[in-house]
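# Structural description and commentary
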Amino acid sequence: MPTLLVKNIHTLVTMDGDRREIRHGALLVRDNVIEQVGSTSELPETADEILDLGDRAIVLPGLINTHHHFYQTLTRVTPAGQNGDLFQWLSAHYLLWANLTAEAMYYSSQMAAAELILSGCTTTSDHHYIFPNDCLLDEQIRAVSEMGLRFHASRGSMSVGKSQGGLPPDSLVEKEADILKDSQRLIEQYHDNSPYSMLRIVLAPCSPFSVSSDLMKESAALARSYPGVRLHTHLAENKGDVEYSLAKFNLIPGDYAESVGWLGDDVWHAHCVKLSDRAIAKFAETGTGVAHCPCSNMRLASGIAPIRKMLNAHVPVGLGVDGAASNDTSHLFHEARSAFLLARVRDETASAMTARDALELATRGGARVLGRDDVGYLSPGMAADFIAVNLDRPSFVGTQSDPVAALIYCQTDYVDYSFINGKKIVDRACLTTVEMPILVERANRIAVQLFSH
């Protein structure tokens, strides 16, 4: 099996159990697995491939994205949705998304994956819940596989339209029997629960205001009949979300989640901005995860999630960039920096979150939320998912006293190298799996078509 030696790393940020940061570090990879981690002087001098970083770069685990909507890459900064809250923003976009096609799914997924990878992401989930025209999740799976990104593909769904008291138009909802049938097909066709898996399937009814309680319960039962199939949805995103839950179910969001069986270490919820203290305690007790999406929460004026409180209670928390039309970017380092700053604003104390806390959310935290024990830190036996950031750039001038913290305090716009499953996916800040100018042109052409229908 081929070997790769990465040596003369300025600082190797392992995020392992001891949170070691190794000066003059190195790591040895065999095939797709890390074999050795240590200093350059301790590791072998030869390998099939050697990457010498010349003591000028930090290496750390690949970042993990726990919540996204790839297709929204095509509808960013839509004028009608620029100044609305969550429900107004959704209403401004539903009819645009009705024009989505399989081709649009494919290219928007590749575009989102490209942005994520260049910003340091090596593992992502995506929550796709809208299937008009010829759209199938298979198109997204094919697109992301070709990009080389480790993927948790979520079969989302909407089944309660406006006529039944839901938010989406009736034309965009599906029959629940069809949703469950397709969910089972996708699990049986694609789900790989083996170690170092590149593709797992998640069942993800969209939200309390777009699906029935029955679908929530039946989706949970279906997922739990297969090993490693997880559950995901939106919860307690803003004040309107809480009001809807009270009006429709006579329950606040955390209690609603419990009532339909959506607590457990196989479940994670996006946002949780308005999660009650009692629900936070229940999440901690059951191992229920949270995808924290600070940029989208700011963009839609949803509020600031109580992340420090969740972390103190030992709730699993990871980062999500959220939909590319409510962020409006797919950049995980920027998300980590926003989480770091916003935690300090919310608690009005500078100790609410450190730079290394933010890096942990983006790595180990995300891995725990996605149920992965093979990614999130760098140690022998872990998947060879890691990134390198060169320190010789304007935004890092003057950071020699703590270049690791600089990744969060300063502006980290892109990574110089990314290895995913042992393969070099970013080489000197360029993607190796796609021609970016061609991808940008095709995605823009399709975006124009969506708006012109």
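Residues numbered from 1 in each chain as written. Predicted model: local features only at pLDDT ≥ 70, side-chain atom pairs only at ≥ 80, totals over all residues. Heavy atoms only, no water.

What follows deals with empty space enclosed by the protein. If you walk through the whole model with that rule in mind, you get two cavities of 30 Å³ or more. Roughly 130 Å³ of internal volume is contained in the largest cavity. Around the largest cavity, the lining is made up of 18 residues, and of these Leu 86, Trp 89, Leu 90, Tyr 129 and His 234 lie nearest the centre. Among the elements that take part in the lining of the largest cavity, helix α1 (residues 86-97) stands out by supplying four residues, more than any other. Class assignment of the residues belonging to the lining of the largest cavity gives a composition of nine nonpolar, seven polar and two charged. Taken as a whole, the second largest cavity encloses approximately 40 Å³ of empty space. (1 Å grid on protein atoms, 1.4 Å probe; cavity = no way out; pocket = protein on both sides within 12 Å on 5 of 7 lines; lining within 4 Å. Points joined across faces, edges and corners; volume = space filled by probe spheres on them. Helix = DSSP H or I, 4+ residues; strand = E, 2+ residues; numbered from the N terminus. Nonpolar A, V, L, I, M, F, W, Y, C, P; charged D, E, K, R; others polar.)

Right, let's get into the layout of surface pockets. Its boundaries defined by the atoms lining it, the largest pocket holds a volume of some 350 Å³. Along the wall of the largest pocket there are 18 residues; nearest its centre are Val 317, Glu 360, Arg 364, Gly 365 and Arg 368. Considering each element in turn, the lining of the largest pocket owes the most residues, seven residues, to helix α12 (residues 355-369). Taken together, the residues of the lining of the largest pocket break down into eight nonpolar, two polar and eight charged.

With that settled, consider helix α5 (residues 213-223). Those residues of α5 that fall on the buried side of the exposure criterion are Leu 215, Met 216, Ser 219, Ala 220, Leu 222 and Ala 223. Seen along its axis, α5 keeps its buried residues to an arc of 165 degrees; they face one direction. Contacts from the buried residues of α5 go to β8 (150-157), α4 (176-190), β9 (199-205), β10 (230-235) and α7 (253-259). (Buried < 20%, exposed > 50% of the residue type's maximum accessible area, 1.4 Å probe, protein only. Arc of directions from axis to C-beta. Contact = heavy atoms within 4.5 Å.)

Our focus in this paragraph is the packing of helix α2 (residues 102-118) against helix α14 (residues 436-452). When two helices pack together, their arrangement is captured by the angle between the axes and the distance separating the axes. Where α2 meets α14, the axes come as close as 9 Å, and the angle between the chain directions of the two elements is 135 degrees. In terms of their interaxial angle, α2 and α14 are classed as oblique. At the point where α2 passes α14, the crossing takes the left-handed sense. Facing α2, whose interface residues are Glu 103, Ala 104, Tyr 107, Gln 110, Met 111, Ala 114 and Leu 118, α14 presents Met 436, Leu 439, Val 440, Arg 442, Ala 443, Arg 445 and Ile 446. Of the residues belonging to the contact of α2 with α14, the class tally is 10 nonpolar, one polar and three charged. (Axes fitted to C-alpha atoms, helices over the stretch in contact; angles between N-to-C directions. Parallel < 35°, antiparallel > 145°, perpendicular 65-115°, else oblique. Left-handed = near helix turned anticlockwise from the far one by under 90°.)

As a further point, take α14. If you check α14, its first and last C-alpha atoms are 24 Å apart, about what 17 residues at 1.5 Å a residue would give, namely 24 Å. Among the residues making up α14, those that are buried are Leu 439, Ala 443, Ile 446, Ala 447 and Leu 450. Down the axis of α14, the buried set is contained in an arc of 105 degrees. They therefore lie on one face. Away from the buried face of α14 by more than 90 degrees, exposed residues Pro 437, Val 448 and Ser 452 are located. (Expected span 1.5 Å × (residues − 1).)

A full pass over the atoms with the stated rule returns 28 salt bridges. A salt bridge links Arg 20 to Asp 16, with the shortest nitrogen-to-oxygen separation between them at 2.8 Å. Among the residues examined, Arg 20 registers a relative accessible area of 35% and is labelled partly exposed. For Arg 19, the salt bridge identified is with Glu 360, shortest N-O distance 2.7 Å. One end of the pair, Arg 19, is in the loop between β1 (3-13) and β2 (21-30); the other, Glu 360, is in helix α12, and 341 residues separate them in sequence. Judged by its relative accessible area of 34%, Arg 19 falls in the partly exposed class. Among the charged side chains, a network of salt bridges with common partners joins Asp 138, Arg 155, Glu 174, Asp 182 and Arg 185. (Salt bridge = Lys/Arg side-chain N within 4 Å of Asp/Glu carboxyl O.)

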